[in-house]
Amino acid sequence: QVQLVESGGGLVQAGGSLRLSCAASGRAFSSYHMGWFRQAPGKEREFVATIFRSGGSTFYVDSVKGRFTISRDNAKNTGYLQMNNLKAEDTAVYYCAVSGYYSYYKGRSTDYDYWGQGTQVTVSA
């Protein structure tokens, strides 16, 4: 199993930045692809970004392209989501997750095996 713990959430004004971290323990983090999802109140969980296990390929939902950057440091067993130019509509609980599937890039939550508990991001207008 893999245990994931997110941190870095908080309250920020629109236009501001936050960097989320996802600390992994347990089985080898580097053997999994890693993704970030988010869920706003009253809405379904949404794919945000994902990165190949070695840190090569990245994929993003259109609404965050050019503003968010996903990365990972396998030596530290940690993944990141740098969020710039935040908007009110980015307000949500953000979850990191890992996938052992080749279809990880499709952003389907069912392809992700382990999940963190989430961290709240609130963007004030």
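Residues numbered from 1 in each chain as written. Predicted model: local features only at pLDDT ≥ 70, side-chain atom pairs only at ≥ 80, totals over all residues. Heavy atoms only, no water.

S.K.: What's the story with the nonpolar core in this structure? I'm lost.
M.R.: One finds Trp36, Leu81, Met83 and Tyr94 to be the most contacted residues of the largest nonpolar core, which totals 34 residues. Of all the elements, strand β9 (residues 92-99) adds the most residues to this core, at five residues. For Met83, the contacting residues outside a window of four places in its chain are Gly16, Ser17, Leu18, Leu20, Arg67, Phe68, Tyr94 and Val121. (Core = buried A, V, L, I, M, F, W, Y, C linked by side-chain atoms within 4.5 Å. Buried < 20%, exposed > 50% of the residue type's maximum accessible area, 1.4 Å probe, protein only. Helix = DSSP H or I, 4+ residues; strand = E, 2+ residues; numbered from the N terminus. Contact = heavy atoms within 4.5 Å.)

S.K.: Just checking my understanding: could you explain the environment of Arg45 for this structure?
M.R.: Following the sequence through the fold, Arg45 ends up in the loop between β4 (33-39) and β5 (46-51). Linking Arg45 and Asn74, residues 29 residues apart in sequence, is a C-alpha distance of 26 Å.

S.K.: Whenever I open this one, the sheet that holds strand β7 (residues 68-73) confuses me. Can you help?
M.R.: The pairing of strands in a sheet comes from backbone hydrogen bonds and takes either a parallel or an antiparallel form. Across the sheet, four strands lie side by side as β1-β3-β8-β7; this open sheet has antiparallel pairing. Looking at the sheet topology across the chains shown, the edges are occupied by β1 (2-7) and β7. Strand after strand, the sheet turns through a mean of 15° between neighbouring axes, direction not considered. In this structure, β1 lies alongside strand β3 (residues 18-26), joined through six bridges in antiparallel fashion. The residue of β3 that forms the bridge with Val5 is Ala23. (Pairing = 2+ DSSP bridges. Axes fitted to C-alpha atoms, helices over the stretch in contact; angles between N-to-C directions.)

S.K.: Please explain the pairing of β5 as it appears in this structure.
M.R.: When a strand is regular, its side chains alternate between the sheet's two faces. Judged by how many residues are buried, β5 sits mostly within the fold: five of six residues are covered. Where β4 and β5 come together, five bridges link them in antiparallel fashion. For Trp36, the partnering residue across the bridge sits in β5 and is Ala49. Linking β4 to β5, which pair antiparallel, is a turn of six residues; within it Gly42 sits at a positive phi near 75°. Pairing of β5 with strand β6 (residues 58-60), which is carried by three bridges, proceeds in the antiparallel orientation. Bridge pairing links Ala49 to Tyr60 in β6. Connecting β5 to the next strand, β6, in antiparallel fashion are six residues, including Gly55 with a positive phi near 90°.

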